[in-house]
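Chain and residue survey
If you want the building blocks of each chain, they are given just below.
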Protein chains: 2
Amino acid sequence: ILAFISQASRCSTNEVPIVRNIRELPQNDYGRPGLSHTTVAGSLVHGFKEVEVWLQTFAPGSGTPIHRHSCEEVFVVLKGSGTLYLASNSHSKYPGTPQEFPMFANSTVHVPVNDVHQVRNTNSGEDLQVLVIISRPPVKVFTYDDWSMPHTAARLKFPYYWDERCYETLSEKDEL
Amino acid sequence: ILAFISQASRCSTNEVPIVRNIRELPQNDYGRPGLSHTTVAGSLVHGFKEVEVWLQTFAPGSGTPIHRHSCEEVFVVLKGSGTLYLASNSHSKYPGTPQEFPMFANSTVHVPVNDVHQVRNTNSGEDLQVLVIISRPPVKVFTYDDWSMPHTAARLKFPYYWDERCYETLSEKDEL
Ligand SMILES: [Zn+2]
Ligand SMILES: [Zn+2]
């Protein structure tokens, strides 16, 4: 019972404090080595409907899956550096070899809607820390094993890693 | 002619670089003493449709007008501290005395949709630097002279300060 209440309270859309200490928010790697993810302002977690904000740190060598989504996505690089790999949406059957864009501290990076992309910390000496802003949460992500995987074979990952727990909790509530 | 081209290029929705150095983006006080505003990812400036991101620095004593808007708004405090003044939307005829919420480095703050609010750097010793995320840009802002001004007397400021130049440029283009 207590576990349920505690879990539910993290997913409530009620009583989200106006000011929150980001360092005291839950952070986790969600099973992805090298990742530290914190949902700063979330749809399922906090009840935002139009924007979602994440704080993510990638250890050297780590990164996101190769993926695409139909929402807007903006990165603000707070610390470190890395690479955005971006396959422009050229309407072929698979993403193809991506372009590489260097990301650096105090840069902003955006991903065109539906373009297949990956962010990686390609700097062996330093963590890459970014704020990520997405529109129309919760995010619906299609993941690819590699850049030659057909778009039709990409797998929908929904709810996404950090949305899973709240999604289940809210679904349970709906069933009550 | 050159002036027009230069101005238009800052407001184009085409050819926005994927990676941009935030320190090289235009920054200005837009006539508001103590403010430094940079549109990191903008609707009118860069063609984003669903989110907009600003970097703002407030010198000690400076702040935003008292205002409201129907979009979602999330602050991430990067440096310094200050105060959010927030009049909850209690459906009275004017905002009334606001609640005060301290903002501090590494905190996140959100403004409930349509609640009248003001952010001020109330720390006399240090700049307050925030990233601001809003939904459904460009922002439509209603401003108040004080907390007892009737909602019906609030003035619409549209386009907002940093959107004015691009709004005019795009309007000129529309007329061509
Ligand atoms: Zn993405
Ligand atoms: Zn506001």
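Residues numbered from 1 in each chain as written. Chains lettered and ligands numbered in written order. Predicted model: local features only at pLDDT ≥ 70, side-chain atom pairs only at ≥ 80, totals over all residues. Heavy atoms only, no water.

**Re the overall build of chain A**
A count of helices and strands for chain A gives 3 helices and 12 strands. The 176 residues of chain A split such that 51% are buried. Residue pairs at least 24 apart in sequence account for 71% of intrachain contacts in chain A once pairs closer than 6 positions are excluded. Total accessible area computed for chain A in this model is approximately 8500 Å², and 51% of it derives from carbon and sulfur atoms. (Helix = DSSP H or I, 4+ residues; strand = E, 2+ residues; numbered from the N terminus. Buried < 20%, exposed > 50% of the residue type's maximum accessible area, 1.4 Å probe, protein only. Contact = heavy atoms within 4.5 Å. Areas by Shrake-Rupley, 256 points an atom, 1.4 Å probe, with all protein chains shown as cover.)

**With respect to the pattern of salt bridges**
Per the stated rule, a full pass over the model turns up 6 salt bridges over all chains. For E164 of chain A, the salt bridge goes to K157 of chain A, with nearest N and O atoms at 2.6 Å. (Salt bridge = Lys/Arg side-chain N within 4 Å of Asp/Glu carboxyl O.)

**With respect to unusual backbone geometry**
Residues P137 of chain A and P138 of chain A are joined by a peptide bond in cis, for which omega reads -5°. For Y30 of chain A, which is not glycine, the phi dihedral falls at a positive 45°. For Y30 of chain A, the location among the structural elements is in the loop between β1 (19-21) and β2 (35-41). If you check the backbone angles, R136 of chain B has positive phi at about 45° while not being a glycine. Positionally, R136 of chain B belongs in the loop between β10 (128-135) and β11 (141-144). Of the residues examined, R136 of chain B reaches a relative accessible area of 41% and is grouped as partly exposed.

**Some points on the pairing of strand β10 (residues 128-135) of chain A**
All names here are of chain A. Of all 8 residues that make up β10, 8 are buried, and the element is covered over most of its length. Burial of β10 is two-sided: the residues L128, V130, V132 and I134 facing one way and the residues Q129, L131, I133 and S135 facing the other way are all buried. Bridge analysis of strand β3 (residues 51-58) against β10 gives 8 bridges, and the strand direction is antiparallel. From the neighbouring strand, L55 faces β10, where its bridge partner is L131. (Pairing = 2+ DSSP bridges.)

**Observations regarding the coordination of the zinc ion (ligand 2)**
In a perfect tetrahedron of four donors around a metal, the angles come out at 109.5 degrees. In a perfect octahedron of six, they are 90 or 180 degrees. Residues and elements named next belong to chain B. Taken together, the protein donors to the zinc ion (ligand 2) comprise H67 (NE2), H69 (NE2), E73 (OE) and H117 (NE2), at separations of 2.1 to 2.2 Å. Its 4 donor atoms give the zinc ion (ligand 2) angles of 84 to 168° at the centre, a pattern that matches the irregular case. Along the chain, the residues donating to the zinc ion (ligand 2) fall in the pattern H-x1-H-x3-E-x43-H. Here H117 lies in strand β9 (residues 116-120) and H69 lies in the loop between β4 (66-68) and β5 (73-79), a separation of 48 residues in the sequence. Among the residues examined, H69 registers a relative accessible area of 4% and is labelled buried. (Donors = N, O, S within 2.8 Å, 3.2 Å for Na, K, Ca; no water. Tetrahedral: all angles 85-135°; square planar, octahedral: opposite > 155°, others 65-115°.)

**Digging into the side chain of H37 of chain B**
Residue and element names in this part refer to chain B. Summarising the element assignment, H37 is placed in strand β2 (residues 35-41). The buried category is assigned to H37, whose relative accessible area is 0%. Within the local environment of H37, its side chain forms a polar contact with the side chain of Q56, the two groups lying 3.0 Å apart. Here H37 is in contact with P26, Q27, N28, Y30, W54, L55, Q56 and W162, once residues within four sequence places are set aside. (Polar contact = N/O pair within 3.5 Å; in protein donor to acceptor, adjacent residues only side chain to side chain.)

**So, the packing of aromatic side chains**
Counted according to the given criterion, the structure contains 12 aromatic pairs over all chains. Aromatic side chains F158 of chain A and Y167 of chain A sit 5.3 Å apart centroid to centroid with 80° between the ring planes, which places their arrangement in the edge-to-face category. A residue is classified by how much of its surface remains accessible, and F158 of chain A, at 31% relative accessible area, is partly exposed. For Y167 of chain A, a relative accessible area of 34% corresponds to the partly exposed category. Taken together, Y30, W54, Y160, Y161 and W162 of chain A form an aromatic cluster joined through their ring pairs. Directly above the ring of Y161 of chain A sits K157 of chain A, whose terminal nitrogen or CZ lies 4.8 Å from the centroid. We note R68 of chain B situated over the ring of F142 of chain B; from NZ or CZ to the ring centre the distance is 4.5 Å. (Phe/Tyr/Trp six-rings, centres within 6.5 Å; stacked < 30°, edge-to-face > 60°. Lys NZ or Arg CZ within 6 Å of the ring centre and 35° of its normal.)

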